[in-house]
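Structural characterization, general
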Amino acid sequence: MLRIGRKATCMACKSLVSNNMGIRFRVPLQKLHPLSRAIHHRYCGNTNPQRTPHRTAARYFTSISRLPMRPPKPNPGSGGHNYQQQRNFWVARLAARLLRLRYILLGSAVGGGYTAKKTYDEWKDMLPDFSEYNWVIPDFVWELSEQIDLDKLAKALPEMEEIAKLLPDLDKIGENFTFLKSLLSSETSSDPALKATDASSSASHDAGDKQYKKQGLLGELILIQQQIQRHEEEVRRAAATNSARPPSPESSPSASPSPSPPQLNRKSSDREKIDQLQEELLRTQLKYQRMLERLEKENKELRKVVLQKDDKGIHQRKLKKSLIDLYSEVLDILSDYDANYNTQDHLPRVVVVGDQSAGKTSVLEMIAQARIFPRGSGEMMTRSPVKVTLSEGPHHVAIFKDSGREFDLTKEEDLAALRHEIELRMRKSVKEGQTVSSETISLSVKGPGIQRMVLVDLPGVISTVTTGMASDTKDTIFSISKAYMQNPNAIILCIQDGSVDAERSIVTDLVSQMDPQGRRTIFVLTKVDLAEKNLASPSRIQQIVEGKLFPMKALGYFAVVTGKGSTGESIESIKDYEEYFFQNSRLLRDGMLKAHQVTTKNLSLAVSDCFWKMVRESVEQQADVFKASRFNLETEWKNNYPRLRELDRNELFEKAKNEILDEVISLSQVTPQHWEAILQKKLWERVSTHVIENIYLPAAQTMDSGTFNTTVDIKLKQWTDKQLPHKALEVAWETLQEEFARFMAEYRGKDQDDIFDKLKEAVKDEGIKRHKWNERALDSLRVIQHNALEDRSITDKPQWDAAIQFMEETLQSRLRDTESVIKDMVGPDWKQRWLNWKNRTPDQHIRNETKNELDRLLKLHDDHTAYLANDEVTTVRKNLEGRGVEVDPVLIKDTWHQLYRRHFLQKALSHCNLCKRGFYYYQRHFVDSELECNDVVLFWRIQRMLLITANTLRQQLTNTEVRRLEKNVKEVLDDFGEDTEKKTQLITGRRVQLAEDLKKVREIQEKLEAFIEALHKEK
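Residues numbered from 1 in each chain as written. Predicted model: local features only at pLDDT ≥ 70, side-chain atom pairs only at ≥ 80, totals over all residues. Heavy atoms only, no water.

Here's the deal with a nonpolar patch on the surface
On the surface, a cluster of nonpolar side chains totalling about 480 Å² of accessible area is made up of Trp830, Trp834 and Leu835. With respect to the secondary-structure elements, Leu835 resides in helix α31 (residues 830-836). (Patch = residues over 30% accessible without salt bridge, like charges linked within 9 Å, V, L, I, M, F, W, Y side chains within 5 Å. Areas by Shrake-Rupley, 256 points an atom, 1.4 Å probe, with all protein chains shown as cover. Salt bridge = Lys/Arg side-chain N within 4 Å of Asp/Glu carboxyl O. Helix = DSSP H or I, 4+ residues; strand = E, 2+ residues; numbered from the N terminus.)

Shown next, in the form of structure tokens:
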């Protein structure tokens, strides 16, 4: 940077900032760019002798310094020729300077661009390599980015013109309103009486008319309603004036009885005026109603088109549940909660009650705009409450809460299927021996133009129990109706049959008891066409709809016609008939009924308005109630179960299910050695008695070895063919059960929750009950056992010793058992009698004497057979009688049986000890030997059969039966999981009940809060 004082500025710089250029201040040289200073001071003299001229600096930056040298310019103030020449060519010099400036700007741009690129490269090098983190993003995202064509997606979106076509034609609707207004204005202008009446009252309504006209189409509709109200007021005023007019002197009793002609003309003109006003009012109301229906029909079609387009996904937005669907879900949850825990909710719903065959189901069908309920001629069809949620949608469909099937209500076959399904559900809900049920059937109906509300159709109230009904049917219907109507926020839709005498009504007394002030009751008189035809006094209908005939009170009174009584009528034909009837009925013509009190359309609008008004007034209060209930339940849980999770019955069942399946799987981890040891032990315990008593003892009575072996082979063959395989399978099945129970018991000790004990025991019993052993293994097992018992070849000394040990253990066990039986028979010996102060019973004394006599017989005949001869029995009995002991021969034989068994087992044990060294003689087939050990061979054959059978059964257990048992247990758990009553029986306790209450209350509170939020948004 060059540092030059103010006085060192050159003449060129001063000329650039001279007053001729319009600049009033001088720019110091330090503010100029160094390149500019170098250019200007190239031709300027050096005023500072210590510094060299700036020629080198100019040459360093640019080649402009190579221009020819020019003498320095004199000061402009000095005058002269030079000054005049400079004054004449200052424009040319300025242009030259500006042309040189472009080089400066170009160089600055190039340098700035290079600097910016260098800075960008440095910043880019500082960033980390994000390619190493591509694994964070799933692969399907990259695949989608490659497959999705954004251009095609943008072209598929609809244009704004297409969307605008879906919107309702407001101009057309406005033209309809204008046409309606012109009709009304033309009608009133044609009647002079009405014109005079309107002229007298128009001044008071001009301000209001102007206000409503500013509100658009809705204001026009309100104006038409006000005109109808004015007509009604004029009719009433004219009637009151005619009735309140004082009699003239000519009409007094003292005067002549015949009135004068002017008086008669005046009365006739007044009466004609009243009749004319009433007819005009009726025509206006009917035209107004028709015009509204026409507009509503057009609006319905437009809304249907919009909803259908929206349903096809033009906006591709996530579908949200409607307000009425949210509210219906809350009621469904509360219905289950009430049924299980006997709590009452006070959320509003429309309760439809009436006498049987009063037409309440038909009224509900007219509101739902579909014949959805089963019907019969005079018999009870509604056997359980039916909750119907009405909402608006693009298609007229019905769907059950617990089913995904949609019934198209525009098709007759779907309507028939829906009616059949409702009838089946009603009959299924009714328990055996009952006629009606309190179980609620939940149904949703959607369609264009349907008013949003929730209605509950109850069984019709009856006065007499007929044949085929349960004796408590009448009381049950009353209790169900009272349970729904006692809700202080329930809207009671009381249906009364107009074709029968009012004195026969039962439901009106019931409704007046539940709502004596009539603050939430809407009265509906059905079958008005039959009532008008049958009643001699039509004014009786007027008394009913004005609330003067019945003692009950109501918010509103309506008169409807629900068809001609034919089951094949469609909703449209019923609507046409209802409109035709009221257009020609004298009930409307004579003013007994008002236009807003007739037709099911007006009824549905009134009920819907009342329903939503009640909902808005009470839903937040009910949410606060459940919030307080939730706080109480959570506090109880924290105090009683602080370290446990809040698991409801279903979650506890899933936890227990996993534990049980783990225990079943543990069976497959049992070692083969364990299975075989248990099976061999249990099988021998089961068959040892048969082997000793029926095979070994009879064979041992023979005199030689050949007869012994023959007897053994025959009895083993018979045993194998008939009993042994079945016994083996029974033992295997019992072993599997015991091992399963053992695993469950061991798992129970490992910090298991005792709340599962009942469930596990039931699952174990049911699983074992369902498990059937595969009988196909029976034949193969029989062959294996037969082959094992046929083998008699003992190959080595260890096998011989094992057989000796097995035989010795078996004989010792049997000998101990026999000794115990004999001891119980004869009673305590002398030592126990003296030391323990025990005495023998008389029977034991007889047994003891018999035992002593038989012992002497055995000592005399050591090789005695297993059975006593009759003469030996007689001898023993006489010997005992000689000692004064009376004994029965049967007792002698029983005692002999036990004594001979002990004698035989003792001899067999001594023989077993001798055979321990008999393997050498066995190999020589006991030739030249007095020792015969055929009984050892028998026990070896039995032992080998037990080993092979245990191994076969173990293979069948581990390969087949354990898996089948696991499958059966899973099936039992699945069945129990679907059976709510079973789970309630097996998983019980205050802890379960509290967790269930908490879950339900939280769910209800969350649903209510979501509904309240949506309700506020709709406002």
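As for the side chain of Gln597
Inspection of the secondary structure puts Gln597 in the loop between α22 (586-589) and α23 (600-640). Using a relative accessible area of 13% as the deciding quantity, one classes Gln597 as buried. (Buried < 20%, exposed > 50% of the residue type's maximum accessible area, 1.4 Å probe, protein only.)

Focus: the sheet that holds strand β4 (residues 407-408)
Pairing within the open sheet is mixed, and its nine strands lie in the order β4-β3-β5-β2-β6-β1-β7-β8-β9. Two strands in the sheet have a free side with no partner beyond their single neighbour: β4 and β9 (556-559). Sheet topology note: the strand β1 (residues 350-354)/strand β6 (residues 453-457) ladder contains three bridges and is parallel. The partner of Val352 across the bridge, within β6, is Asp457. (Pairing = 2+ DSSP bridges.)

Description of the environment of Asp801
With respect to the helices and strands, Asp801 occurs in helix α30 (residues 797-826). Sequence-wise, Asp801 and Gly918 are 117 residues apart; in three dimensions their C-alpha atoms are separated by 9.9 Å.

Digging into the packing of aromatic side chains
Within the structure shown, the criterion is met by 16 aromatic pairs. Here Trp637 and Tyr641 contribute two aromatic rings whose centre-to-centre distance is 4.9 Å and whose plane-to-plane angle is 50°, an arrangement assigned as tilted. With a centroid separation of 6.0 Å and 70° between ring planes, the pair formed by Phe806 and Phe939 is classed as edge-to-face. Pair noted here: Phe806 is in helix α30 and Phe939 is in helix α36 (residues 934-978), with a separation of 133 residues, a long-range link. (Phe/Tyr/Trp six-rings, centres within 6.5 Å; stacked < 30°, edge-to-face > 60°.)

Notes on helix α29 (residues 777-790)
If you check α29, its first and last C-alpha atoms are 20 Å apart, about what 14 residues at 1.5 Å a residue would give, namely 20 Å. Among all positions in α29, only Ala777, Leu778, Leu781, Arg782, Gln785, Ala788 and Leu789 are buried. Relative to the axis of α29, the buried residues are bounded by an arc of 135° and lie together on one face. (Expected span 1.5 Å × (residues − 1). Arc of directions from axis to C-beta.)

A few points about the nonpolar core
Counting 100 residues, the largest nonpolar core has Tyr696, Trp719, Trp800 and Ile942 as the members making the most contacts within it. Here this core gets 17 residues from one element, more than from any other, and that element is α36. The contacts of Ile942, once residues within four sequence positions are left out, are Trp684, Val691, Leu716, Trp719, Leu789 and Phe806. With 59 residues, the next largest nonpolar core counts Leu334, Leu409, Leu415 and Leu493 among its residues. (Core = buried A, V, L, I, M, F, W, Y, C linked by side-chain atoms within 4.5 Å. Contact = heavy atoms within 4.5 Å.)

With respect to the pattern of salt bridges
What the rule picks out here adds up to 44 salt bridges. Asp974 is paired through a salt bridge with Lys657; the nearest N and O atoms lie 3.2 Å apart. With Asp974 in helix α36 and Lys657 in helix α24 (residues 649-666), this residue pair connects regions lying 317 residues apart in the sequence. Given the relative accessible area of 17%, Lys657 is considered buried. Across the salt bridge formed by Arg770 and Glu766, the nearest N and O atoms sit 3.0 Å from each other. Here Glu766 and Arg770 lie together in helix α28 (residues 757-770), a separation of four residues that amounts to about one turn. Residue classification places Arg770 among the partly exposed positions, given a relative accessible area of 30%.

Notes on the side chain of Glu569
You can see Glu569 is positioned in the loop between β9 and α21 (571-584). Setting aside anything within four residues of it in sequence, one finds Glu569 in contact with Arg371, Gly563, Lys564 and Ile574.

Remarks on the pairing of strand β3 (residues 397-400)
Working note: regular strand, side chains alternate between the two faces of the sheet. Two strands pair when backbone bridges link them, and β3 and β4 are joined in this way by two bridges, in the antiparallel orientation. The residue of β4 that forms the bridge with Ala398 is Phe407. Joining the antiparallel neighbours β3 and β4 is a turn of six residues. With four bridges connecting them, β3 and strand β5 (residues 441-447) associate as antiparallel partners. If you follow Ile399 over to β5, its bridge partner there is Ser444.

Focus: the pairing of β6
Among the five residues of β6, five are classified as buried, and the element is accordingly described as predominantly covered. Of the two faces of β6, the one holding Met453, Leu455 and Asp457 and the one holding Val454 and Val456 are both buried throughout. Bridging between strand β2 (residues 386-392) and β6 involves five bridges; their strand directions are antiparallel. Following the sheet pairing, Val386 is matched in β6 by Asp457.

Looking at the packing of helix α25 (residues 672-700) against helix α34 (residues 889-914)
Closest axis-to-axis distance for the α25/α34 pair is 12 Å, and the angle between their directions is 75°. In terms of their interaxial angle, α25 and α34 are classed as roughly perpendicular. Mapping the contact onto sequence places Glu693, Tyr696, Leu697 and Ala700 in α25 and His897, Arg901, Phe904 and Ala908 in α34. (Axes fitted to C-alpha atoms, helices over the stretch in contact; angles between N-to-C directions. Parallel < 35°, antiparallel > 145°, perpendicular 65-115°, else oblique.)

Examining the packing of α24 against α36
Contact pair α24 / α36: the axes reach a minimum separation of 10 Å and the direction vectors enclose 170°. In terms of axis orientation, α24 runs roughly antiparallel to α36. When α24 is examined against α36, the residues Phe653, Lys657, Ile660, Leu661, Val664 and Ile665 are found in contact with a partner set consisting of Val962, Glu966, Val969, Lys970, Leu973, Asp974, Phe976 and Gly977. Across the contact of α24 with α36, the residue classes tally to nine nonpolar, one polar and four charged. (Nonpolar A, V, L, I, M, F, W, Y, C, P; charged D, E, K, R; others polar.)

Focus on the state of the cysteines
What makes a disulfide is a covalent bond joining the sulfur atoms belonging to two cysteines. Under the defined criterion, the tally for this structure stands at one disulfide. The disulfide partner of Cys915 is Cys933, and the gap between their sulfur atoms is 2.1 Å. Since a negative S-S torsion denotes a left-handed disulfide, the Cys915-Cys933 link at about -100° is left-handed. Taken together, the positions of Cys915 in the loop between α34 and α35 (919-923) and Cys933 in the loop between α35 and α36 put the pair 18 residues apart, joining distant regions of the chain. (Disulfide = S-S within 2.5 Å.)

Things to note about the confidence of the model for the protein
A residue-level look at the protein finds 68% of positions with pLDDT of 70 or above and a mean pLDDT of 75. β1 holds the highest mean pLDDT among the elements of the protein, 92, whereas helix α3 (residues 55-61) holds the lowest, 38. (pLDDT = per-residue confidence, 0-100.)

A word on unusual backbone geometry
The phi angle at Ser357 is positive, at roughly 65°, despite the residue not being glycine. Residue position: Ser357 is located in the loop between β1 and α15 (360-368). Classification of Ser357 as partly exposed rests on a relative accessible area of 41%. Although it is not a glycine, Thr599 sits at a positive phi angle of roughly 75°. By the secondary structure assignment, Thr599 is in the loop between α22 and α23.

Comments concerning α25
The terminal C-alpha atoms of α25, which comprises 29 residues, lie only 36 Å apart, well short of the 42 Å expected from a rise of 1.5 Å per residue. At Val687, α25 is bent by approximately 45°, the largest bend along its length. (Bend = angle between axes of the 7 residues up to and from the residue.)

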